[in-house]
Amino acid sequence: MENCLCCHIELETPGKYHTRCLRQLFDADWVPEIPFSVADLPAKIIETGARMSISGVQMKLSVKLDKQIRQVQSSDVGGTYLLKPEPQSFPELPQNENLCMNLARMSGLKMPAHGLFPMKDGNLCYIVKRFDRGARGEKIHKENMAQILAVPSEEKYSSSLEKVGKAIERHVKNTGLDLLEFFERVLFCYLIGNGDMHLKNWSLLNESDGTWSLSPCYDMVCSKMYIPEEDETALTLNGKKNKLTLRDFVVLANHLKIAPKAAERTCQKYLSREDEIIDFVDKSELSAGRKQQMKSLITERLRLLQK
């Protein structure tokens with residue numbers, strides 16, 4: 001039996017997706033058609049006036065679902081999803097991101113619905129539901145940490161995780177819960193080799209009651225897979241970007257006033273679930289070589305957390 005292209009959990013019936021996963025993502029029990037390929041995207045932008053941003057080499061196209069014709073369509077107004085195709089220079093990046101987001105979900109982190117879907121040319125793209133859009137496509141106000149800390153976008157790597165944590169503490173309603181989740185995400189990003197969590201990849205979301213909360217995860221990838229010389233963390237942790245140890249994470253927990261037992265439980269959760277995490281990597285759509293890269297990295301960093 002195959003694994004679902006959304007959640008990577010084994011399917012109970014023949015197919016590619018769990019019905020529950022499709023409903024969570026599209027509020028539908030069918031797979032929409034993507035009537036364009038990567039090569040079509042530039043023309044699609046001109047044709048529709050849709051907006052596309054490129055962070056490095058990763059394209060992001062704003063799209064919406066037309067339920068009448070069961071198609072995903074590009075849209076600069078009312079887009080409720082982001083579609084990310086596979087960049088030539090970073091092979092299997094959609095599969096990489098889907099795996100990392102599923103590992104985050106498995107860890108209990110806040111997560112939007114997402115999955116892998118075939119484009120017109122048969123290549124898989126990554127589609128994620130926008131958490132900053134309401135049911136009718138209306139905008140929900142979001143601010144990233146570059147905005148909150150008044151740091152220019154070009155300096156998004158020039159800050160610390162301690163400053164991000166303190167900004168969360170100042171603004172959110174449920175301080176204890178959001179700080180603990182922030183701490184766990186920092187640890188999780190280290191374990192999966194995500195060295196690109198800069199200021200714009202941490203955000204707060206304005207809730208319907210006017211309060212703020214830590215937004216769900218986004219842009220979670222194993223960047224180390226493509227950039228071996230990359231720093232272990234995009235923002236400094238205990239004044240460092242490399243050669244991190246358990247002590248550095250303990251220092252961060254203390255800085256955020258997280259109870260020592262809560263921080264220890266977070267670390268032990270990953271250490272005790274190593275076999276489950278490794279097995280989950282094997283269920284992904286990554287090629288055999290990239291699966292091995294990911295498993296070796298996670299195993300190595302779990303060992304470092306025991307020192």
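Residues numbered from 1 in each chain as written. Predicted model: local features only at pLDDT ≥ 70, side-chain atom pairs only at ≥ 80, totals over all residues. Heavy atoms only, no water.

Trainee: So, the packing of aromatic side chains: which residues are in play, and what are the values?
Mentor: Tallied over the entire structure, the rule returns eight aromatic pairs. Where Phe26 meets Tyr81, the ring centres are 5.4 Å apart and the plane angle is 50°; that geometry is what we call tilted. Highlighted residues: Phe26 in helix H1 (residues 19-26) and Tyr81 in strand S4 (residues 81-84), separated in sequence by 55 residues. For Phe26, a relative accessible area of 3% corresponds to the buried category. Arranged with centres 5.3 Å apart and planes meeting at 65°, the rings of Phe26 and Phe117 form a pair that is edge-to-face. Of this pair, Phe26 sits in helix H1 while Phe117 sits in strand S5 (residues 114-118); the two residues are 91 residues apart in sequence, bridging distant segments of the chain. (Phe/Tyr/Trp six-rings, centres within 6.5 Å; stacked < 30°, edge-to-face > 60°. Helix = DSSP H or I, 4+ residues; strand = E, 2+ residues; numbered from the N terminus. Buried < 20%, exposed > 50% of the residue type's maximum accessible area, 1.4 Å probe, protein only.)

Trainee: Outline the packing of helix H5 (residues 161-171) against helix H6 (residues 175-192), supporting the account with residue identities and numerical values.
Mentor: Each packed pair of helices is defined by two parameters, the angle between the axes and the distance between the axes. Two numbers describe how H5 lies on H6: the axes approach to 9 Å, and their chain directions differ by 160°. On the basis of the axis angle, H5 is roughly antiparallel to H6. For the crossing formed where H5 meets H6, the hand is right-handed. Between H5, through Leu161, Val164, Gly165, Ile168 and Glu169, and H6, the contact on the second element is made entirely by Thr175, Asp178, Leu179, Phe182 and Val186. When its residues are assigned to classes, the contact of H5 with H6 shows six nonpolar, two polar and two charged. (Axes fitted to C-alpha atoms, helices over the stretch in contact; angles between N-to-C directions. Parallel < 35°, antiparallel > 145°, perpendicular 65-115°, else oblique. Left-handed = near helix turned anticlockwise from the far one by under 90°. Contact = heavy atoms within 4.5 Å. Nonpolar A, V, L, I, M, F, W, Y, C, P; charged D, E, K, R; others polar.)

Trainee: Let's hear about the pattern of salt bridges: which residues, and what values?
Mentor: Under the counting rule described, the total for this entry stands at 20 salt bridges. Measuring nitrogen to oxygen at the nearest pair gives 3.1 Å for the salt bridge that ties Lys166 to Glu169. Placement of both Lys166 and Glu169 in helix H5 is noted, with a separation of three residues, approximately one turn of the helix. Assessed through its relative accessible area of 26%, Glu169 is described here as partly exposed. Overlapping salt bridges, with partners in common, bring together Lys60, Lys84, Glu97 and Asp219 in one network. (Salt bridge = Lys/Arg side-chain N within 4 Å of Asp/Glu carboxyl O.)

Trainee: For the packing of H6 against helix H7 (residues 246-255), give the residues involved together with the corresponding values.
Mentor: Relative to each other, H6 and H7 sit at 165°, their axes nearing to 10 Å. If you check the angle between H6 and H7, you find them roughly antiparallel. In this structure, the crossing between H6 and H7 has a hand that is right-handed. For the pair formed by H6 and H7, the contact residues are Phe183, Val186, Leu187 and Tyr190 on the first element and Phe249, Leu252 and Ala253 on the second. Residue composition of the contact of H6 with H7, grouped by class: seven nonpolar, no polar and no charged.

Trainee: For the side chain of Ser37, give the residues involved together with the corresponding values.
Mentor: Within the secondary structure, Ser37 is located in the loop between H1 and helix H2 (41-48). Ignoring sequence-local partners within four residues, the contact set of Ser37 consists of Met119, Lys120 and Asp121.

Trainee: Please give an account of the sheet that holds strand S8 (residues 203-206) that cites residues and values.
Mentor: The strand order across the open sheet built from three strands is S7-S8-S9, with neighbouring strands paired in antiparallel fashion. With one partner strand each, in any of the chains shown, strand S7 (142-144) and strand S9 (212-214) form the two edges of the open sheet. On average, each strand axis in the sheet is inclined to that of its neighbour by 25°, with strand direction left out of account. (Pairing = 2+ DSSP bridges.)

Trainee: Go over helix H3 (residues 93-106) with me, naming the residues and quoting the values.
Mentor: One turn of the α-helix equals 3.6 residues, which is why residues spaced by three or four share an orientation. Across its 14 residues, H3 extends 20 Å between first and last C-alpha, which sits within 8% of the 20 Å expected from 1.5 Å per residue. Among the 14 residues of H3, 13 are classified as buried, and the element is accordingly described as predominantly covered. Count one or two residues on from H3 and you reach Gly108, which has phi positive near 90°. (Expected span 1.5 Å × (residues − 1).)

Trainee: Which residues make up unusual backbone geometry, and what values do they have?
Mentor: Its identity as a non-glycine residue notwithstanding, Asp27 has a phi of 55°, on the positive side. Mapped onto the secondary structure, Asp27 falls in the loop between H1 and H2. A positive phi angle, close to 55°, is found at Asn238, a residue other than glycine. Relative to the assigned elements, Asn238 resides in the loop between S9 and H7.

Trainee: Go over the side chain of His198 with me, naming the residues and quoting the values.
Mentor: Mapped onto the secondary structure, His198 falls in the loop between H6 and S8. Relative accessible area serves as the criterion here: at 4%, His198 is assigned to the buried category. A distance of 3.1 Å separates a polar atom in the side chain of His198 from the backbone nitrogen of Lys200. Dropping the residues within four chain positions of it, His198 is found in contact with Lys156, Tyr157, Ala234 and Leu235. (Polar contact = N/O pair within 3.5 Å; in protein donor to acceptor, adjacent residues only side chain to side chain.)

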